[in-house]
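# Observations on the model geometry
Okay, here's what each chain looks like letter by letter:
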Amino acid sequence: MPDRVAEAMARLASMEPTLCAFHEVFRTPSLEVDPSLPFAGMPIAVKRGERRSHREALVAMGCVPIGLTTTPDGSTPWQTWGRNSRGLTRNPWNLNRTPGGSSAGSAVAVASGIVPLATGVDGAGSIRIPAAWCGVLGLKTTSAERAAVGVFTRDPSLLATYLGITEVSSPSAVWSTDLGFAAVDDEQASIARRAAAALRPRAVSLSLKDPASDWFADRCGPNPALDSLFETTDLLLTPTTPGPPHGHDGPGPRINTALTWAFNLSGHPAISIPAGFDSCGLPVGLQAVARHGREADLVAAARAVLQNRPIEFFGPNSPR
């Protein structure tokens with residue numbers, strides 16, 4: 001068994017009893033990999049229920065899936081819970097908090113260092129929210145549908161390889177704390193804004209329509225306000241979530257998707273970038289949104305924000 005896969009399986013066995021990140025573990029991962037492939041022999045975790053074509057594309061790049069990750073079960077009224085058929089998927093930074101969802105286990109598998117890459121599907125923030133709350137990168141790709149595939153990782157270079165990007169330029173950026181309608185905690189906003197400074201954004205007075213009514217009416221398509229904004233900038237920056245990860249009893253009345261789901265309706269690609277930790281030691285995310293098809297600008301944003309600041313991860317070798 002290649003060293004990286006063996007190491008991932010050993011770390012999984014050590015941490016899984018505590019974190020409950022995997023719905024199913026593949027005891028005999030497929031190991032016949034062409035060494036010339038870009039991800040040759042790299043262990044990955046796959047979100048349960050994800051599109052088969054996405055998984056197959058990563059396997060074709062040399063990835064070795066080691067298991068299916070947990071998602072909230074059908075009885076869960078809020079998809080940011082970590083409740084599932086195996087119990088509770090726990091946030092590595094605080095076991096009493098949720099990792100977010102619905103791509104809960106995938107975010108935990110990367111945040112805990114089990115795998116360098118995990119897949120997800122983002123229907124309203126289901127990649128970006130757990131990425132923010134677990135302190136990793138979480139990418140949602142451009143999509144004409146509300147649900148878009150993407151990945152979690154701690155390494156911007158892996159994002160570039162995943163996307164087939166060889167060169168990135170320096171993007172321009174604007175900042176909005178609340179998109180004009182969301183109620184965002186001051187600490188979340190200040191930490192994200194401080195991380196955004198690496199991109200030197202200018203502040204804008206952006207007043208998007210609260211997407212809730214369009215969401216429940218299943219109205220997807222162009223957003224004139226965003227189309228106008230992206231005529232003058234490459235990136236829109238916001239906090240990823242309005243507040244910190246909630247407990248395992250649920251989020252209460254807060255809409256944790258407030259800052260993310262507008263971009264599922266509009267189809268824009270977006271990423272959550274680790275911005276730092278709050279006063280309780282919980283991760284905070286910075287969201288960057290780009291023009292359709294401009295995932296390269298999101299990679300550039302991740303590199304700029306994380307330059308000389310590697311992403312921390314939870315575990316025996318964690319610096320925290």
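Residues numbered from 1 in each chain as written. Predicted model: local features only at pLDDT ≥ 70, side-chain atom pairs only at ≥ 80, totals over all residues. Heavy atoms only, no water.

Time to look at unusual backbone geometry. The peptide bond linking Gly101 to Ser102 adopts the cis configuration, its omega dihedral lying at 15 degrees. Here Ser102 shows up in the loop between strand 5 (87-88) and helix 3 (104-111). (Helix = DSSP H or I, 4+ residues; strand = E, 2+ residues; numbered from the N terminus.)

A regular strand places its side chains on the two faces of the sheet in alternate fashion. The buried count for strand 6 (residues 117-122) comes to six of six residues, which makes it a mostly enclosed element. Alternating residues of strand 6 divide into Leu117, Thr119 and Val121 and Ala118, Gly120 and Asp122, and every residue in both groups is buried. Two elements, strand 2 (residues 43-47) and strand 6, share two bridges in a ladder whose sense is parallel. Of the residues in strand 6, the one forming a bridge with Ile44 is Leu117. Pairing geometry for strand 6 and strand 8 (residues 148-153), over six bridges, is antiparallel. Across the sheet, Thr119 pairs through a bridge with Val151, a residue of strand 8. (Buried < 20%, exposed > 50% of the residue type's maximum accessible area, 1.4 Å probe, protein only. Pairing = 2+ DSSP bridges.)

Here we come to the domain arrangement of the protein chain. Interfaces are often described in size by the accessible area the parts lose on coming together. Domain boundaries assigned for the protein chain yield domain 1 (4-163) and domain 2 (173-308). With 40 residues of domain 1 at the interface, the matching set in domain 2 holds 47 residues. Surface buried jointly by domain 1 and domain 2 totals about 3400 Å² across both partners, of which 63% is contributed by carbon and sulfur atoms. When the buried area of domain 1 at its contact with domain 2 is split by residue, Arg128, Trp133 and Arg146 rank highest and sum to 22% of it. Put simply, domain 1 and domain 2 have one salt bridge between them. Looking at the side of domain 1 that touches domain 2, the elements that each hand over two or more residues are helix 4 (128-134), strand 7 (137-140) and helix 5 (156-163). (Domains from an automatic or database assignment. Contact = heavy atoms within 4.5 Å. Buried area = accessible area lost by both parts, 1.4 Å probe. Salt bridge = Lys/Arg side-chain N within 4 Å of Asp/Glu carboxyl O.)

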